[in-house]
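Structural characterization, general
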Protein chains: 2
Amino acid sequence: MRIPINKKSDIPLYHQIESYLRQGILSGSLPPDMRLPACRQLAQDLGVNRTTVENAYAKLEADGLVFSRMGSGTYVLPVNSIPAITKNNRSASWPLWQASVQDRNIVSKADMVDEILHTAGHPNPISFASGISDARQFPIEEFRKVLQAVMRRDQISALEYGERNGYAPLREGIAHILASQGLQAHPENILITAGSQQAIFLASQVLLKPGDIVLVEEPTYSVALDLFRALGFHTVGIPMDSQGMQVENLEKLLQQHHPRLIYTIPNFHNPTGTCLSSARRRELIVLAERYNIPILEDDFVGDLRYEGHAQPSLKALDPGGQVIYVSTFSKMLMPGLRVGFIVADGPVFDSLLNFKRLSDLATSTLIQRALDAYVSVGRYQAYLRRSSQTFRKRRDTMLKAIDHYLPSGISFDPPKGGLFVWLRLPKSLSASELLPVACKEGVSFVPGNYFFTDGISGKEWIRLNFAAQPEEAVTEGIKRLGRAMRKMSTHK
Amino acid sequence: MRIPINKKSDIPLYHQIESYLRQGILSGSLPPDMRLPACRQLAQDLGVNRTTVENAYAKLEADGLVFSRMGSGTYVLPVNSIPAITKNNRSASWPLWQASVQDRNIVSKADMVDEILHTAGHPNPISFASGISDARQFPIEEFRKVLQAVMRRDQISALEYGERNGYAPLREGIAHILASQGLQAHPENILITAGSQQAIFLASQVLLKPGDIVLVEEPTYSVALDLFRALGFHTVGIPMDSQGMQVENLEKLLQQHHPRLIYTIPNFHNPTGTCLSSARRRELIVLAERYNIPILEDDFVGDLRYEGHAQPSLKALDPGGQVIYVSTFSKMLMPGLRVGFIVADGPVFDSLLNFKRLSDLATSTLIQRALDAYVSVGRYQAYLRRSSQTFRKRRDTMLKAIDHYLPSGISFDPPKGGLFVWLRLPKSLSASELLPVACKEGVSFVPGNYFFTDGISGKEWIRLNFAAQPEEAVTEGIKRLGRAMRKMSTHK
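Attention in this report is confined to the structure presented alongside it. (Residues numbered from 1 in each chain as written. Chains lettered and ligands numbered in written order. Predicted model: local features only at pLDDT ≥ 70, side-chain atom pairs only at ≥ 80, totals over all residues.)

Here's the deal with the overall build of chain A
The criterion, for reference: Helical segments are the DSSP runs of H or I of at least four residues, strand segments are the runs of E of at least two, and each set is numbered from the N terminus. Put simply, a residue is buried when 20 or more other C-beta atoms lie within 10 Å of its own C-beta and exposed when 12 or fewer do; between those, it is partly exposed, and each C-beta is set from the backbone. Each residue gets a C-beta atom placed from its backbone, and two residues are in contact if those atoms lie within 7 Å.
Across its full length, chain A holds 17 helices and 16 strands. Structurally, chain A occupies a C-alpha span of about 85 × 60 × 50 Å along its principal axes. Relative to its full complement of 492 residues, chain A shows a buried share of 55%. Across chain A, the fraction of contacts at a sequence separation of at least 24, relative to all contacts at a separation of at least 6, is 73%.

Right, dumping it as structure tokens:
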């Protein structure tokens, strides 16, 4: 036990030791039934007399905080009323440097939506604010067995550092799944990451420096916007329509802003749900090549299609190493596993690999091995089919409920895949004003302005996740949303 | 299947589909026995005629690449000789932006040591180059059972996103372990990270911007140096002696360089193994406060003590939020689990939390839950006692072997804890010249210059990890090192 004592202090050593232990016991950080070190041991650890420690223990025992059992040791007793140490957050006296840190602090508003929902106190809240699909769909029992088998098979290797770019069999498995999706990648060009968030993070770090400009679809994934801001990048938005990014307007922006990166979600876009048209995909790559700008393609749910034709990924259309492709198992399979990946060609791959190592050395090998054992192409395809069926039904349920329960004046393009309905509110309504009213009714959504580069535009939009709830909840949630909208209109 | 086809191309559609599949089969990315989508399905996916797909499949079948089974589907056949697609790394024609990425690429030399060892071809190589302890010590079977129990208990919650700062019971458990080590921290001031590497990374990102200066011990942890370089920081070294960082020289450096951070490993320092003296600890904190500079304390093996008195962590001596404390379960317990943590007070905690979220959203909840169930204070203390006994013996074995088998002229301070012996070579020897010779003899170490800010100084030093090998291997490794040293001297 490394108790901080000061031998030069005027306070007697036994009292310093006693104070430390007393504070720990009262605050609960030294929990009841914990055995304190033997007097002889602690005296040796701290370089003090044994009597000094004995005196400290004796005082604590006299005050009823510890209990000595002959030949067994000294144990912490339960404290009747624990005056918990409050979180150390005095405002006045922090070191000065902490103030400048605060200035650079960007807290995402998206996280706060479900806090509002839960503090609104509805007995049975329904969230349409989630960015992921429904984890309850995942066959947890099967995965548990696979994890067991992997640990029995690999023993201690399952817990050692793995290869720098990820567990090789998993990278091969990913290459097979990608090939079945129309993207042929060599396992050596795949880097395993902690979810697609880390993939976006690494690509940003490697490609840009503070002050650089990123072109993004307007609107776009809010956590990517938060990330770009936190890293000191400027974002410029490209308008969208029902065919995705308006690539016709791209060249002008490229000439005007000299961006260092184009970040795009071409398939079942977050938040709008649109797919970039085939012609625009080819044009986008041509322009990126002509202006020498890398494309970061975020294909977070590219395979989750309910109707229409499959579009190849941008990466599949790019022979020249222009596109960095990121995707994930997290969104569709299991958020908590935190496994995503990057596909990249050329020198940039080694930079990404190197930066991955500097930021967290490696992603848990155990989880990678389990995922490898679990996700075969066949199993993935089957899981995808099942999920697509379930989520298609939920989408249809939501569209029907919108038709039934929402007031006229709303509008949207029915999404052909993915997770989201992007809905335009009636003219008089503002998303941020609607949110607290909706939360009181027991339903949440993400206000549209969270997805815009200025954080202000887009107040007439809301994003609804139709995939995260069973059908009954989808219907009930939209019913509540309708009530909230009508309340707002009445108050106007 | 999202095959990239171009409807405006002159190449017939059936041929485009056939080419894609052929390439996938020949390269192995569409593996043998994989079932291709039904013709009707693929035609619908791609928006082409069914006959188009049938023609493509027929051509592939005629060439012996696929096999159709009536009523069951079309399957990929094994290819006799697979001309694997080579990793896509043509040098000439990458987009121009890739060149600038390459310039910013810093690859750590430390990773290459064991590559040299393994390509040297000794039948039974012994590595003293590792930065971690011995994973074989870990009771994997016990942990497997705990992991099982956690998945049975928590079901799908074990795989969902958890709290933003980490699984609450684990944070409480860490608070208890820290208190038993003399550091009282509130669980709300603890942030779970992907190993201590991510902890260092987050603190750097939050506290500094490119061009800023970091004060580090000279020498220091090489991956931290790599990280600081990659993020565009400058490093200034503070000399060390047997009592750790020469704090007497600190004030001068603070005035001269205006650093934005002091990075220090006060306990069983990497690579030197020294402990910062008690007086210097207090002086360091006083100076950091006076000059308004945060201290990043890396306590990677602070508890792994074999003799001498326990020193409190800097964080325990710091009442004012000056010190950011990082530590890990990885080094001592299980590298592959990738779980570390930060303790920080004041506004900087929220910045760290926010940046953690932006860089990878969260660390795997499953592993956090398992670790929580596995690591009680009692179990941790027991594991620590056992490890300390084992590693103390290995240290003693290495010191004895050094005495027996290394030539005169070497010198070192025997470490009182941790993992490393930091050894000064005889005057005529250079570590980087010794390394390939030693690897041929079947033993590796890390050359001292890897730990110096300029990457050049310190060639007369080597770092030996005594904890990662059983005692016989430690002795045998030092024997080999002695042979290598004598070979070098003879050649001079």
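Further notes follow.
A short note on the relation of the copies chain B and chain A
As a reminder of what qualifies: Only residues with pLDDT of at least 70 in both copies count here: their C-alpha atoms drive the least-squares fit that superposes the copies.
The transformation that overlays chain B on chain A combines an axial shift of 0.0 Å with a rotation of 180°, and the residual RMSD is 0.0 Å. Read as a symmetry element, the transformation amounts to a two-fold axis. Considering only C-alpha atoms, the part of chain B nearest the rotation axis is Gln148 of chain B, at 3.5 Å. Both copies present the same face, since 100% of the interface residues in chain B are matched by interface residues at the equivalent positions in chain A.

Focus on helix α1 (residues 13-27) of chain A
Residue and element names in this part refer to chain A. Here is the rule we go by: To estimate the expected span of a helix, subtract one from its residue number and multiply by 1.5 Å.
Between its first and last C-alpha, α1 extends 21 Å over 15 residues, near the 21 Å set by a 1.5 Å rise per residue. Restricting attention to buried positions, one finds in α1 the residues Leu13, Tyr14, Gln16, Ile17, Glu18, Tyr20, Leu21, Gly24 and Ile25. Among the residues trailing α1, Gly28 stands out with phi positive, at a value near 90°.

Details of helix α9 (residues 222-230) of chain A
Buried residues dominate α9 of chain A, accounting for eight of its nine residues. Listing the buried residues of α9 of chain A in full gives Ser222, Val223, Ala224, Leu225, Asp226, Leu227, Phe228 and Ala230 of chain A. Those residues of α9 of chain A that are buried lie in contact with α8 (195-207), β6 (213-218), β7 (234-241) and β9 (261-264) of chain A together with α13 (347-360) of chain B. Backbone geometry just downstream of α9 of chain A places Gly232 of chain A in the positive-phi region, at approximately 85°.

Things to note about the packing of helix α13 (residues 347-360) of chain A against helix α8 (residues 195-207) of chain B
A pair of packed helices can be characterised by two numbers: the angle between their axes and the separation between those axes. Going by this rule: Working convention: axes come from line fits to C-alpha atoms, limited for helices to the stretch in contact. Angles between N-to-C directions cover 0 to 180 degrees. Orientation categories follow fixed angle ranges, with anything under 35 degrees roughly parallel, anything over 145 roughly antiparallel, 65 to 115 roughly perpendicular, and all other angles oblique. Residue polarity is assigned by list, with Asp, Glu, Lys and Arg as charged and Ala, Val, Leu, Ile, Met, Phe, Trp, Tyr, Cys and Pro as nonpolar; anything else, Gly included, falls into the polar class.
Orientation of α13 of chain A relative to α8 of chain B, taken along the N-to-C sense of each, is 95°, at an axis distance of 5 Å. By the angle between their directions, the pair α13 of chain A and α8 of chain B is classed as roughly perpendicular. Contact residues: α13 of chain A offers Leu358, Ser359 and Asp360 of chain A, while α8 of chain B offers Gly195, Gln197, Gln198 and Phe201 of chain B. Its residues assigned to classes, the contact of α13 of chain A with α8 of chain B comprises two nonpolar, four polar and one charged.

So, the interface of chain B and chain A
Between chain B and chain A, the residue contacts involve 106 residues of the former and 106 residues of the latter. In terms of residue class, the side of chain B that touches chain A is built from 52 nonpolar, 39 polar and 15 charged.

A few points about the environment of Arg290 of chain A
Residues and elements named next belong to chain A. Looking at the element boundaries, Arg290 is found in helix α11 (residues 278-290). For Arg290, a count of 10 C-beta atoms within 10 Å translates into the label exposed. Spatially, the C-alpha atom of Arg290 lies 45 Å from that of Lys400, the residues being 110 residues apart in sequence.

Observations regarding the environment of Gly448 of chain B
Residues and elements named next belong to chain B. Relative to the helices and strands, Gly448 resides in the loop between β15 (446-447) and β16 (461-465). Separated by 176 residues in sequence, Gly448 and Thr272 have C-alpha atoms that sit 9.8 Å apart. If sequence neighbours within four positions are ignored, Gly448 has contacts with Pro219, Ala431, Gly458, Lys459, Glu460, Trp461, Ile462 and Arg463.

Things to note about the pairing of β16 of chain B
All names here are of chain B. The criterion, for reference: DSSP calls a pair of strands paired once it identifies at least 2 bridges connecting them.
Counting buried residues along β16, five of its five residues qualify, which places the element largely inside the surrounding structure. Burial along β16 is two-sided: the residues Trp461, Arg463 and Asn465 and Ile462 and Leu464 are all buried. Pairing of strand β13 (residues 420-424) with β16, which is carried by five bridges, proceeds in the antiparallel orientation. Within β16, the position partnered with Phe420 by the bridge is Asn465. As judged from the two bridges shared by β15 and β16, these two strands associate in the antiparallel manner.

A look at the packing of helix α1 (residues 13-27) of chain B against helix α3 (residues 50-62) of chain B
All names here are of chain B. Here is the rule we go by: Put simply, a crossing is left-handed when the front helix is turned counterclockwise from the back one by less than a right angle, and right-handed when it is turned clockwise.
Between α1 and α3, the least distance of the axes is 8 Å, while the angle of their chain directions is 45°. When the interaxial angle is binned, α1 and α3 end up oblique. For the crossing formed where α1 meets α3, the hand is right-handed. In contact with Leu13, Tyr14, Ile17, Glu18, Leu21 and Arg22 of α1, α3 contributes Thr52, Val53, Asn55, Ala56, Lys59 and Leu60. Per-class residue counts for the contact of α1 with α3 are seven nonpolar, two polar and three charged.

Details of the nonpolar core
When a protein is soluble and globular, its nonpolar side chains tend to lie buried together. Note the threshold: Each nonpolar core reported here comprises buried Ala, Val, Leu, Ile, Met, Phe, Trp, Tyr and Cys residues connected via C-beta atoms within 7 Å.
Among the nonpolar cores identified, the biggest contains 301 residues, and Ala203, Ile342 and Leu352 of chain A together with Ala203, Ile342 and Leu352 of chain B are the most heavily contacted of them. Excluding residues within four positions of it along the chain, Ala203 of chain B makes contact with Leu296, Ile324, Val326, Ile342 and Leu352 of chain B.

A word on the sheet that holds β7 of chain A
Residue and element names in this part refer to chain A. Strand order across the open sheet formed by eight strands is β5-β12-β11-β10-β9-β6-β7-β8, with mixed pairing between neighbours. Since the sheet does not close on itself, it has two edges, and those belong to β5 (190-193) and β8 (244-245), each with one partner. Strand direction decides the pairing type here: β7 and β8, joined by two bridges, are antiparallel. Paired with Met240 across the strands is Met245, a residue of β8. The sheet contacts of helix α7 (residues 168-180) involve β5 and β12 (340-343), and relative to β5 the element is tilted by about 110°. The strands touched by helix α10 (residues 250-257) are β6 and β7; relative to β7, the strand with the most contacts, the crossing angle is about 170°.

Points about the pairing of strand β10 (residues 295-298) of chain A
Side chains on a regular strand alternate between the two faces of the sheet. Residue and element names in this part refer to chain A. This is how the line gets drawn: With the strands pointing away from the viewer, any crossover whose connection runs clockwise from the first strand over the helix to the second is right-handed.
Burial of β10 is two-sided: the residues Ile295 and Glu297 facing one way and the residues Leu296 and Asp298 facing the other way are all buried. Taken together, the three bridges between β9 and β10 define a ladder with parallel strand orientation. The residue of β10 that forms the bridge with Thr264 is Glu297. After leaving β9, the chain enters α11 and then returns to the sheet as β10, a path that is right-handed. Where β10 and strand β11 (residues 323-328) come together, four bridges link them in parallel fashion. Paired with Glu297 across the two strands is Tyr325, which belongs to β11.

Looking at the environment of Ala288 of chain A
Residues and elements named next belong to chain A. Considering the arrangement of structural elements, one finds Ala288 in helix α11. Exposure remark for Ala288: the 25 C-beta atoms within 10 Å place this residue in the buried category. A sequence separation of 26 residues divides Ala288 from Ile262, and the C-alpha atoms of the two residues are 8.2 Å apart. Here Ala288 is in contact with Ile262, Ile293, Ile295 and Gln322, once residues within four sequence places are set aside.

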